[in-house]
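Listed below, chain by chain, are the residues.
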Amino acid sequence: MDIIWHSKSKQFHLYNDKISYIMGVTPLGDLGSIYFGSLIHDKEDMSYVVNRFMLSNVVVDPDTESYSMELNRQEYPCFGTTDFGTQAYEVEISNGSRVSSFVYRDHKIFKGKSALKGLPATYADEDEAMTLEVCLDDEVARMSLTLSYTIFDKYPVIARHAVFTNNGPSEAKLTKALSACIDLPDQDYEWMQFSGAWARERIPEIKKLTSGSVSIESKRGISSANQNPFVIVKRPGTDDFIGEAIGMSFVYSGNFVAQAECDTFGRLRLLMGINPDRFCWPLKQGESFETPEVVIAHTDEGLNNLSQTYHDLYNNNLIRGKWKNTPRPILINNWEATFMDFDEKSILKIAEKARDAGVELFVLDDGWFGARNDDTAGLGDWVENPDKLPQGMAGLSRKVNALGMKFGFWIEPEMVNPDSNLYRRHPEWALATPGRKSSLGRHQLVLDFSREEVVDYIYGMLKKVIENAEISYIKWDMNRSLTEVYNANLPAIEQGTIYHRYIMGVYSLYEKLRKDFPEILFESCSSGGNRYDAGMLYYAPQAWCSDNTDAIDRIRIQYGTSFGYPISSIGAHVSAVPNQQTGRSVSISTRADVAYFGTFGYELDLNKISNEEFEEVKKQISFMKEHRELIQFGTFYRLRSPFEKDEASWIVVSKDKKKAIVGFYSMKSKVNQIPGFVKLAGLKEDYKYVIRDEEYYGDELMNMGLTLGKYYINSFIARQEYVSFVEVLEAK
Ligand code: DGJ
C-alpha cells in the first residue's frame, strides 16, 4: 500500500496489492479522475487520458481554450461551468450565484486515518491504511474544500468524504454536498440495488444501465427498508463467483441518494451522499461542513468477493469495542411471545425455560415502561411500570442474572406518544411544522433529536434505568419515518439542516451511552430493517434484520443483506409457527437452519413447544455455541440464489479453510425430482473434508458438488415442505 504524488504531472496514485486509484490536477486546477480498478503499474505521467480536442457544441474553458470538463472525467464535479452531468456539490454564495471552481492548493499524505467529527466512519491504525487529503480553494466563493481518500492495506477499498469551509466574511449556503463521485470511462455495467419495504427488506434488483440516470434515495430521515444505502455496479457477466464489480456503501443512517448516470459520450458517473432534497447547510465565516463517508470497494473476482471485503472491513475497521469480532450471545426476546402483555412472573417463566435450554441472554422488549400497554401510549416515559415490574428493571435484571443469564431491554428513544407524560410536559419537543397537522406513525411522533436539550433529557432518563439495573444488551428501535420536519428554535435559513442534525443527535446519544456503558451490546432496529446501514454498525454491531421472522422469507432477506453487511450483524431468531407475519408453518429445524446464519436467538415462549422440539432446541443452542465464531466471522459465500430457483444455499469457511458450514434450503415442496448437487466454494482443493463420517476432497465438493440426495432425499420421501440441512465440514 502506498500513495504516490507525482509532483511534475501533479498526479496521485493510491494503490495496494489489489487496486489502483489514480487521479490528477487538471489543466483547470481541479481534480480529474484517471483510473480506478485492479492494480496497474505506476507511471510518472498519465495525462494522455486528458481529452483536449474540440467537439461541436462543447463549451471550453477560456484560458485553456481546448479543455472542457464535459469531455473529461471528474473527481468531484461542480455546477455551473463546463460539466453538464450531475454535480457532486453545489454552493450558493451571497450574491446568489451557484457556480463553483475549486482549484488545487496543496495536499497531505499520512499513515492511518482521521476520525470524522460526530459521524460514524471506518477507522484504521497507521499500518492498516494511508490517507490523502487534497485541499482546493474557490477564490470567488472564498471557500476551501478538502477531499479525503483512505486506502486500506488489506482491502480493495477507498473510503472518501469531503469537508467544505467558508473562509470569507459572507454567509454561503451548501445546497448539495455528496460524499463521493466516481467517473468511469465506459457504461458496460449493470446496477444492483437492495430494495423492499417493511417485512421484505433488501431484495436485490438488477437493472441494465443506459443513457440517463438510475437513482435510489431516502427522504424518510432514516436510511429505510425501501432503499438501502448500498449499491453495486457490475459487468453484465459478473455473478457471485466471477467478474468485475464496484460497491458503494454509505456510512450514514439518514436521507441519502445513490445515483448512476450514463452520459451520451459513453461514460458512467456514480454518486453517493446525503440526499440534497431537503438539505441546505448555511456556512458562516470559519464554519465547516463535513460529509459522511462512502466506502468504495472493487473486485474482479465476483460478488462473493466484494461482499467478503465489506464483511471483513466492517468487522475489523467499523464495528468497535468489546463486541468487535466477539461471538454474539444467544438470546431470547419476548416480543412475539407476549407482546406488551406481561409481568415479572410471566417473563421469569419464559426466562427459566430458556435458561434450561442454554440461552445466554434474556431481552425484554416493548411494554415495560410508562403506561405502555399497547402502542398508543407511553413512549417517552422511560420509567418502569410498577404493575409489570414491581421491583423495576433492577429487580428483574437481578433475577434473570441469578438464573445464570445476562439481561437486556428494548428502547425507542427517538419517539414520543401524544399520550405520554413527556409529551404533556414538552409538546414542543416533537418535530412539528407551525400551522400544520402532525402526521402519526404507529400513534407516535418523532422527538426533535436535532435539539441538544431533547437528546440530553432522554439520555438522563435512560442512564438512570441502565445504571440501576444489570444490563448487558440494549435493542434500540425506531418505528416511523420523519414528517413535518421543522425546528422552532432555528431561523428559516437553517431549516434545511434538520434531517442531518437529527441523525447527528441520534449518533451523539449512541456515543454517550456507549462511552458510559462500554460493555453493553447494542442491537439497532427500525420496525425490523428500516435502518440497516453501515452508519449504525459503528454504534450497534448487530441489527434486527426484519420483523418478518418466517424462515422461508428470511432466506431471501438474509441473502440480500449479506451482499453489503457481515453475518455477525444479522439479527436472526427462531419464532413460533404458524408464523406471525405469513401464517406459514416451518419445522423448528429449518427455522434454526436459517437463523444460524446470523446472531441467532429465539423469539417465542419455549414453554409452549413440545418436549421433542425442546430437546431439539437444546441441541440447536449447543450447535450454535460451538460454531458461532466461524459462522459470524468466517468467509461467507452465497452458493445458490433463492431468487432463481426455489432453493437456496450458502457456506461459511474458516480463514484457514479447515472447517466450513454449509446451509441448504428447499423453499417449495418437490415431487418426483432428482435432487442433484450443490457446488461448494472457498475450500482447499486437496484437503479431505469429513461430512458425517464420509470423506470428500475439496475439489470434489467445489467442482462436482455436494450430493443433495444423501442429505435431503429423505425429506422428499417424507413429503415434507421447506426442508433444509446444515452440515459441518472438517478437514482431516
Ligand atoms: C418493532 C420491532 O421491529 C419489533 O421487533 C419489536 O421490538 C416492536 N417494534 C416493539 O414495539
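Source: prediction; values computed, not measured.

The rules behind the values
- Numbering of residues starts from 1 in each chain and follows the order in which that chain's sequence is written.
- The model is predicted, so local features are restricted to residues of pLDDT at least 70 and side-chain atom pairs to those at 80 or more, both for listing and for counting; the totals for chains, interfaces and linings are taken over all residues.
- Values reported for side chains reflect all heavy atoms of the structure, with hydrogen atoms and water molecules removed beforehand.
- Being near a molecule or strand, for a residue, comes down to having at least one heavy atom within 4 Å of it.
- Pairs of N or O atoms are called polar contacts if they sit within 3.5 Å, as long as, within protein, a hydrogen donor faces a hydrogen acceptor (for residues adjacent in sequence, only side-chain-to-side-chain pairs).
- The method behind every accessible area is Shrake-Rupley, applied with a 1.4 Å probe, and residues are considered shielded solely by the protein chains displayed.
- Think of it as three bins: nonpolar holds Ala, Val, Leu, Ile, Met, Phe, Trp, Tyr, Cys and Pro, charged holds Asp, Glu, Lys and Arg, and polar takes everything else, Gly as well.
- We define the nonpolar core as a collection of buried residues of types Ala, Val, Leu, Ile, Met, Phe, Trp, Tyr and Cys that are connected through side-chain atoms lying within 4.5 Å of one another.
- Burial classes follow relative accessibility: with a 1.4 Å probe on protein chains only, a residue under 20% of its type's maximum area counts as buried, one over 50% as exposed, and anything between as partly exposed.
- Whether two residues are in contact is decided by their heavy atoms, any of which lying within 4.5 Å being enough.
- Each Phe, Tyr or Trp ring, with Trp reduced to its six-membered ring, pairs with another whose centre is within 6.5 Å; inter-plane angles below 30 degrees give stacked pairs, above 60 give edge-to-face pairs, and intermediate values give tilted ones.
- The way it works is that DSSP assigns letters per residue, a run of H or I at least four long becomes a helix, a run of E at least two long becomes a strand, and they are numbered from the N terminus.
- Domain start and end points were adopted from an automatic or database domain assignment.
- Buried area: the sum, over both parts, of the accessible surface (1.4 Å probe) that disappears when the two are put together.

(A) Summary view of the site of the ligand. Taken together, 13 residues lie near the ligand, and Asp365, Asp366, Lys475, Asp477 and Asp547 sit nearest. The contact in question runs from an oxygen atom of the ligand to an N or O atom on the side chain of Arg442, over 2.8 Å. Taken by itself the ligand offers 290 Å² of open surface, and the protein chains cover 98% of this. Per-class residue counts for the shell around the ligand are four nonpolar, three polar and six charged.

(B) The nonpolar core, seen in detail. Ranked by internal contacts, the top residues of the largest apolar core, which has 206 residues, are Phe164, Leu364, Trp368 and Phe409. Not counting chain neighbours up to four residues away, the residues in contact with Trp368 comprise Phe342, Trp382, Val383, Glu384, Asn385, Leu389, Met393, Phe409, Trp410, Ile411 and Val465. If you look at the next biggest cluster of nonpolar residues, it comprises 22 residues, including Tyr637, Tyr689, Tyr711 and Phe725.

(C) Region of interest: the packing of aromatic side chains. The tally for this structure, following the rule as stated, stands at 45 aromatic pairs. With centroids separated by 5.4 Å and ring planes inclined at 50°, the aromatic side chains of Tyr89 and Phe164 adopt a geometry described as tilted. Here Tyr89, found in strand E5 (residues 89-92), pairs with Phe164, found in strand E9 (residues 157-166); they are 75 residues apart in sequence, far enough to count as distant. Taking the relative accessible area as the measure of exposure, Phe164 reaches 0% and is therefore buried. Taking the centre distance of 5.2 Å and the plane angle of 40° together, the rings of Phe194 and Phe563 count as tilted.

(D) The domain arrangement of the protein, seen in detail. Splitting the protein by domain gives domain 1 (2-41 + 71-317), domain 2 (321-633) and domain 3 (640-731). One C-alpha centre belongs to domain 2, the other to domain 3, and the line joining them spans 34 Å. Taken together, the contact pairs 19 residues of domain 2 with 23 residues of domain 3. Here domain 2 meets domain 3 over a buried area of about 1,800 Å², counting both sides, of which 75% is carbon and sulfur. Of all residues in domain 2, Tyr559, Phe597 and Leu630 bury the most surface against domain 3, accounting for 35% of the area lost on that side. Where the side of domain 2 that touches domain 3 is concerned, the elements lending two or more residues are helix H9 (551-561), helix H10 (588-595) and helix H11 (611-633). Counted by class, the side of domain 2 that touches domain 3 contains eleven nonpolar, five polar and three charged residues.

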